[in-house]
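Descriptive analysis of the structure
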Amino acid sequence: MSYRNDPYDPKQVALLDPAALAEAVADASKAFTAAADPDALTALRPAHLGDRSPLSLARREIGALPPAAKSDAGKRVNEARRAIETAYAERAEVLEREQAERVLVEERVDVTLPYDRRPRGARHPLSALLESISDLFVGMGYEVAEGPEVDLEWVDVDALNIPAGGSPGTFHIAPQRSGLVLRPHTSTVQTRAMLSRTPPIHVIAPGRVYRTGEVDATHSPVFHQVEGLVVDRGSTMAHLRGTLDHVARALFGPEAKTRWRPHHFPFTGPSATIDVWFPEHRDGPRWVEWGGCGMVDPRVLRACGVDPDVYSGFAFGVGIDRTLMVRHGISDIRHLVEGDVRFSRALGAGA
Ligand code: DAH
């Protein structure tokens, strides 16, 4: 700076000039007022109060002054600094108060706003029931088998000794001669289980089945069955009855009773329809049809590669949707397929 070597003249030390100091104070106050929040204000501090601020630079010049001028200049600089510090502190207080008020307003929790957290789902009660039935059979040494929902007509019709054309109500897959159907019962898995295993066979097959027809409170085109098949030397109708009575008691309580009525199924003989006694049915105590069963027809065994002179078999198929509906007093089967999470939450855990 050129004036450093000049003979002393306080007016020439421009930074110490009262007008320059007043200007530094005015600049600082103006800048502080413009700061919109505490962070912006803090960012202004170095420029107005830091080592390289006009005031600090002015203070450095004091040393160059003759002793007589020093104290005056020192006072002026100190006053200016205090003025800037005060302006800073006052602005800081205002901004902090404003920010605190803003936070109170902006971060207020309005408990009346709509609830937007994703509600947790639940296992579907049918899945839970199918699983507990599977557990029950696995405990008796059965294996859980699966089959496709779209299956060959041969597997569904011919091998099961069902007259040509299949069971009424079967969905056929286009084109007409595709030879494929949507399985109308889980009995198709009997065929597949025998074709892919050698006796002794103990399998159950829980799964979805499809049938045409009107949809109403008790009929859905999609429903569920659990199929069972045992093929072994010397298996009898008594084994079948004992097995199903055990399952009924496990599912419906120790007092559960079953009733068998003679029936006809092409794939079994003798065959029966099984009813379960529901003392707590919502329309009063009654027998409810649960499924069909019987001794596997020798023609079915033969079609599936099992020698009927060595082995005999029993089989059953029970309806699961109805089991669930009766157990829980559900009046409309459509609740089972609508996918309403409230329904699953209410019944899924305990089914
Ligand atoms: N498939 C039969 C139905 O859907 C139920 C059934 C009857 C299954 C007798 C069987 C059986 O395994 O042996 O109506």
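Please refer to the structure higher up on the page.
Keep in mind that this is a model prediction, so the values were computed, not measured.

In the vicinity of the ligand lie 15 residues, with Ser-187, Gln-190, Arg-211, Gln-225 and Glu-227 positioned nearest. A distance of 2.8 Å is found between an oxygen atom of the ligand and a side-chain nitrogen or oxygen belonging to Gln-190. A distance of 2.9 Å is found between an oxygen atom of the ligand and a side-chain nitrogen or oxygen belonging to Gln-225. Computed on the free molecule, the ligand has an accessible area of 350 Å², of which 90% lies beneath the protein chains in the complex. Of all the secondary structure elements, the ones that give two or more residues to the shell around the ligand are β6 (222–232), β9 (286–296) and β10 (312–319).

So, on to the packing of aromatic side chains. All told, the structure shown has seven aromatic pairs when counted by the stated rule. Taken together, a centroid distance of 5.8 Å and an interplanar angle of 25° make the contact between Phe-265 and Phe-267 stacked. Put simply, the rings of Phe-137, Tyr-142 and Phe-316 pair up and form one aromatic cluster. Directly above the ring of Tyr-88 sits Arg-45, whose terminal nitrogen or CZ lies 4.9 Å from the centroid. If you follow Lys-257 out to its NZ or CZ, it ends over the ring of Trp-277, 5.1 Å from the centre.

Attention shifts here to the nonpolar core. Phe-252, Trp-290, Cys-293, Ile-320 and Leu-336 are the most contacted members of the largest nonpolar core, which totals 38 residues. Listing elements by their share of this core, those giving two or more residues are α5 (125–138), β6, α8 (237–252), β8 (268–278), β9, β10, α10 (320–328) and α11 (341–347). Here Leu-336 is in contact with His-124, Leu-126, Asp-321, Leu-324, Met-325, Ile-330 and Phe-343, once residues within four sequence places are set aside.

Another point: the packing of α5 against α8. Packing of α5 against α8 brings their axes to within 11 Å, and their N-to-C directions diverge by 135°. Taken together, α5 and α8 sit at an angle that is classed as oblique. Taken as a pair, α5 and α8 cross one another with a handedness that is right-handed. Seen from α5, the contacting residues are Leu-129, Ile-133, Leu-136 and Phe-137; seen from α8, they are Thr-243, His-246, Val-247, Ala-250 and Leu-251. The class makeup of the residues in the contact of α5 with α8 is seven nonpolar, two polar and no charged.

Okay, the pairing of β8 next. Along β8, eight of the 11 residues are buried, which leaves the element largely enclosed by surrounding structure. Here strand β7 (residues 258–265) runs beside β8; their pairing, made up of seven bridges, is antiparallel. The partner of Phe-265 across the bridge, within β8, is Thr-268. Remark: two residues form the turn of the hairpin made by β7 and β8, two consecutive strands paired antiparallel.

The next point concerns the sheet that holds strand β5 (residues 201–210). Sheet architecture is open: seven strands sit in the order β1-β5-β6-β10-β9-β8-β7, paired in mixed fashion. Of all strands in the sheet, those with a lone pairing partner are β1 (143–144) and β7, marking the two edges. Bridge count between β9 and β10: five bridges; the pairing is antiparallel. Bridge pairing links Met-295 to Phe-314 in β10. In this fold helix α7 (residues 188–196) packs onto β5, β6, β9 and β10, with an angle of close to 35° to the strand it touches most, β6. Where α8 meets the sheet, it contacts β7, β8, β9 and β10, and its direction lies at approximately 145° from that of β9.

Before going further, it helps to spend a moment on the packing of helix α1 (residues 18–34) against helix α4 (residues 67–106). Running from amino to carboxyl end, α1 crosses α4 at an angle of 10°, the nearest separation of the two axes being 9 Å. The orientation of α1 relative to α4 falls into the category roughly parallel. When α1 is examined against α4, the residues Pro-18, Leu-21, Ala-24, Val-25, Ala-28, Ser-29, Phe-32 and Thr-33 are found in contact with a partner set consisting of Arg-76, Val-77, Ala-80, Ala-83, Ile-84, Ala-87, Tyr-88 and Arg-91. In terms of residue class, the contact of α1 with α4 is made up of 12 nonpolar, two polar and two charged.

With antiparallel pairing, the three strands of this open sheet are ordered in space as β2-β4-β3. Every interior strand has two partners, whereas the edge strands, β2 (150–152) and β3 (171–172), have only one. Bridge count for β3 against strand β4 (residues 180–182) is two bridges, and the pairing is antiparallel. Bridge assignment links His-172 to a residue of β4, and that residue is Val-181.

With respect to the secondary-structure elements, Phe-137 resides in helix α5. For the pair Phe-137 and His-202, spaced 65 residues apart in the sequence, the C-alpha separation amounts to 9.2 Å. Other than its neighbours up to four places away in sequence, Phe-137 contacts Tyr-142, Ile-204, Thr-243, Val-247 and Phe-316.

Looking now at the layout of surface pockets. Its boundaries defined by the atoms lining it, the second largest pocket holds a volume of some 350 Å³. Every residue lining the second largest pocket is counted, 21 residues in all, and those nearest its centre are Leu-130, Pro-206, Gly-207, Arg-208 and His-224. Of all the secondary structure elements, the ones that give two or more residues to the lining of the second largest pocket are α5, β5 and β6. Of all the elements, α5 adds the most residues to the lining of the second largest pocket, at five residues. For the lining of the second largest pocket, the class distribution of residues is nine nonpolar, six polar and six charged.

What counts as what
- Within every chain, residues take consecutive numbers counted from 1 along the sequence as written.
- Local features in this predicted model are restricted to residues whose pLDDT is 70 or higher, and side-chain atom pairs enter the listing and the counts only when it is 80 or higher, whereas totals over whole chains, interfaces and linings include all residues.
- Side-chain numbers come from the whole structure's heavy atoms, not from hydrogens or water.
- In this text, near means that some heavy atom of the residue lies within 4 Å of the molecule or strand in question.
- Contacts described as polar in this section are N or O atom pairs within 3.5 Å, which, within protein, must combine one atom able to donate a hydrogen with one able to accept it, while residues neighboring in sequence count only if both atoms come from side chains.
- Surface exposure here means Shrake-Rupley accessible area, sampled with a 1.4 Å probe, where a residue is shielded only by the protein chains that are shown.
- Runs of H or I in DSSP of at least four residues are treated as helices and runs of E of at least two as strands, each being numbered from the N terminus.
- Note on aromatic contacts: the rings of Phe and Tyr and the six-membered ring of Trp form a pair at centre separations within 6.5 Å, being stacked when their planes are under 30 degrees apart, edge-to-face when over 60 apart, and tilted otherwise.
- By definition, being over a ring means that NZ of Lys or CZ of Arg is both within 6 Å of the ring centre and within 35 degrees of the ring normal.
- Put simply, a nonpolar core is a bunch of buried Ala, Val, Leu, Ile, Met, Phe, Trp, Tyr and Cys residues held in one set by side-chain atoms that sit within 4.5 Å of each other.
- Residue exposure (1.4 Å probe, protein chains only): buried if accessible area is under 20% of the type maximum, exposed if over 50%, otherwise partly exposed.
- Throughout, a residue-residue contact means that at least one pair of heavy atoms, one from each residue, lies within 4.5 Å.
- For helices, the fitted axis covers only the stretch in contact; all axes are lines through C-alpha atoms, and the angles between them, taken along N-to-C directions, range from 0 to 180 degrees.
- Here the word oblique covers every angle except those under 35 degrees (roughly parallel), over 145 (roughly antiparallel) and from 65 to 115 (roughly perpendicular).
- Working rule for handedness: look at the near helix, and if it is turned counterclockwise from the far one by less than a right angle, call the crossing left-handed; if clockwise, right-handed.
- Classes in brief: Ala, Val, Leu, Ile, Met, Phe, Trp, Tyr, Cys and Pro nonpolar; Asp, Glu, Lys and Arg charged; the others, Gly included, polar.
- Strands pair, by our definition, only if DSSP identifies at least two bridges between them.
- Think of a 1 Å grid over the protein atoms and nothing else: a 1.4 Å probe that fits but is trapped marks a cavity, an open set flanked by protein within 12 Å on at least five of seven lines marks a pocket, and residues with an atom within 4 Å of a point count as lining.
- Grid points are joined across faces, edges and corners, and a volume is the space filled by probe spheres set on the points.

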